[in-house]
Amino acid sequence: MNSRRQLIWSLLTAGFLSACAVPPARVGEGLAQQASAGGAAFDLSARFSLQFNPPSGGEQRQFSGRLQWQHGPLGDKLLFMDPLGQGVAELQRPSLGPVVLRLADGTRREADDPDVLLGDVLGVPLPLGELAGWVQAIPGPGALMEPDAQGRPRRVRESGWLLFYHYGDGEGEFSRLPARLDASLDGVLKLRLSFEAWDPLP
């Protein structure tokens, strides 16, 4: 691991290091169209935990914190914080132009693809290009989905990831939004997002 990766992992973990088969049912055309459009615009807050188990048998790394995410037609802004609300990293992905990652120490990185940028810096394959749909329980085209009794995605297999959704007691539009998302990639990477607040944006 190079020094830049070591830097961002140390920043992200400083102060808060945390001590299934899916039936062959394809995602319907309606959901696929929503996913391709990135779903609805939103402003969300969530707690997250991320665990990385190197396939080579290296040391397991894990951390947790908080996330604020604004998603809309003009792009995305993600702010990663420690559990106390201290900013650690900010990712901005405009609809046009390069993706920008800023760290708490002032380090700034740019790339055309957010997956490439975080993959290069973190060393883990986080699919930001698909997450906007995933957090809204909108799988992408070609995904395999197992619905719950209300027709909402329960288990989804997409791009090598296994997604498992948990729903709360929301009403109306919010009843279809997940309360928690557990995502795993071949046992190498495990991501949990526990959603605390959803605000639709115009």
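As the structure is a computational prediction, the values presented were derived from the model and not from experiment. (Residues numbered from 1 in each chain as written. Predicted model: local features only at pLDDT ≥ 70, side-chain atom pairs only at ≥ 80, totals over all residues. Heavy atoms only, no water.)

Participant: Any details on the overall build of the protein chain? Residues and values, ideally.
Facilitator: From N to C terminus, the protein chain includes four helices and 11 strands. When each of the 202 residues of the protein chain is scored for burial, the buried share is 43%. Working note: accessible area of the protein chain is about 10,200 Å², and carbon and sulfur atoms make up 52% of it. (Helix = DSSP H or I, 4+ residues; strand = E, 2+ residues; numbered from the N terminus. Buried < 20%, exposed > 50% of the residue type's maximum accessible area, 1.4 Å probe, protein only. Areas by Shrake-Rupley, 256 points an atom, 1.4 Å probe, with all protein chains shown as cover.)

Participant: Run through the sheet that holds strand S1 (residues 42-52), naming residues and quoting values.
Facilitator: An order of S6-S5-S4-S3-S2-S1-S11-S10-S9-S8-S7 is seen for the 11 strands of this open sheet, with the pairing classed as antiparallel. The sheet terminates laterally at strand S6 (108-111) and strand S7 (144-147), the two strands that pair on one side only. Within this sheet the neighbouring strands show an average axis-to-axis angle of 15°, counted without direction. The sheet contact formed by strand S5 (residues 99-103) and S6 spans four bridges and is antiparallel. Bridge pairing in S6 links valine 100 to glutamate 110. (Pairing = 2+ DSSP bridges. Axes fitted to C-alpha atoms, helices over the stretch in contact; angles between N-to-C directions.)

Participant: Residue-level account of the pattern of salt bridges, with values.
Facilitator: Under the criterion given, the structure shown has 10 salt bridges. For aspartate 148, the salt bridge is made with arginine 152, and the minimal N-O distance between the two is 2.9 Å. This pair shows no difference in class: aspartate 148 is buried, exactly as arginine 152 is. Across the pair arginine 192 and aspartate 182 runs a salt bridge, and its minimum N-O distance is 2.6 Å. Of the two residues, arginine 192 sits in strand S11 (residues 189-200) while aspartate 182 sits in strand S10 (residues 178-185), which places them 10 residues apart along the sequence. (Salt bridge = Lys/Arg side-chain N within 4 Å of Asp/Glu carboxyl O.)

Participant: If you had to explain the packing of aromatic side chains to someone new, which residues and values would you point to?
Facilitator: Under the defined criterion, the tally for this structure stands at seven aromatic pairs. With centroids separated by 5.4 Å and ring planes inclined at 75°, the aromatic side chains of phenylalanine 42 and tryptophan 69 adopt a geometry described as edge-to-face. Linking phenylalanine 42 in strand S1 with tryptophan 69 in strand S2 (residues 61-72), this pair joins segments that are 27 residues apart in sequence. The exposure class of phenylalanine 42 is buried, given its relative accessible area of 2%. Owing to a relative accessible area of 2%, tryptophan 69 belongs among the buried residues under this scheme. A cation over a ring is seen here: arginine 152 above tyrosine 167, with NZ or CZ 4.0 Å from the ring centre. (Phe/Tyr/Trp six-rings, centres within 6.5 Å; stacked < 30°, edge-to-face > 60°. Lys NZ or Arg CZ within 6 Å of the ring centre and 35° of its normal.)

Participant: Outline the nonpolar core, listing residues and values.
Facilitator: Core analysis: the biggest nonpolar cluster contains 43 residues, and Trp69 and Leu193 have the highest contact counts within it. Broken down by element, this core gets its largest block of residues, six residues, from S1. Every residue in contact with leucine 193, bar those within four places of it in the chain, is listed here: Ala46, Arg47, Phe48, Leu67, Val135, Ala179, Arg180 and Leu181. (Core = buried A, V, L, I, M, F, W, Y, C linked by side-chain atoms within 4.5 Å. Contact = heavy atoms within 4.5 Å.)

Participant: Tell me what's going on with the pairing of S5, and back it up with residues and numbers.
Facilitator: The buried fraction of S5 is high, at four of five residues. Taken together, the four bridges between strand S4 (residues 87-94) and S5 define a ladder with antiparallel strand orientation. By the bridge assignment for S5, leucine 91 is matched with leucine 101. Between the end of S4 and the start of S5, which pair antiparallel, lie four residues, with glycine 97 showing a positive phi angle near 100°. With antiparallel pairing between neighbouring strands as the criterion, S5 and S6 make up a hairpin whose turn holds four residues, including glycine 106 at a positive phi of roughly 95°.

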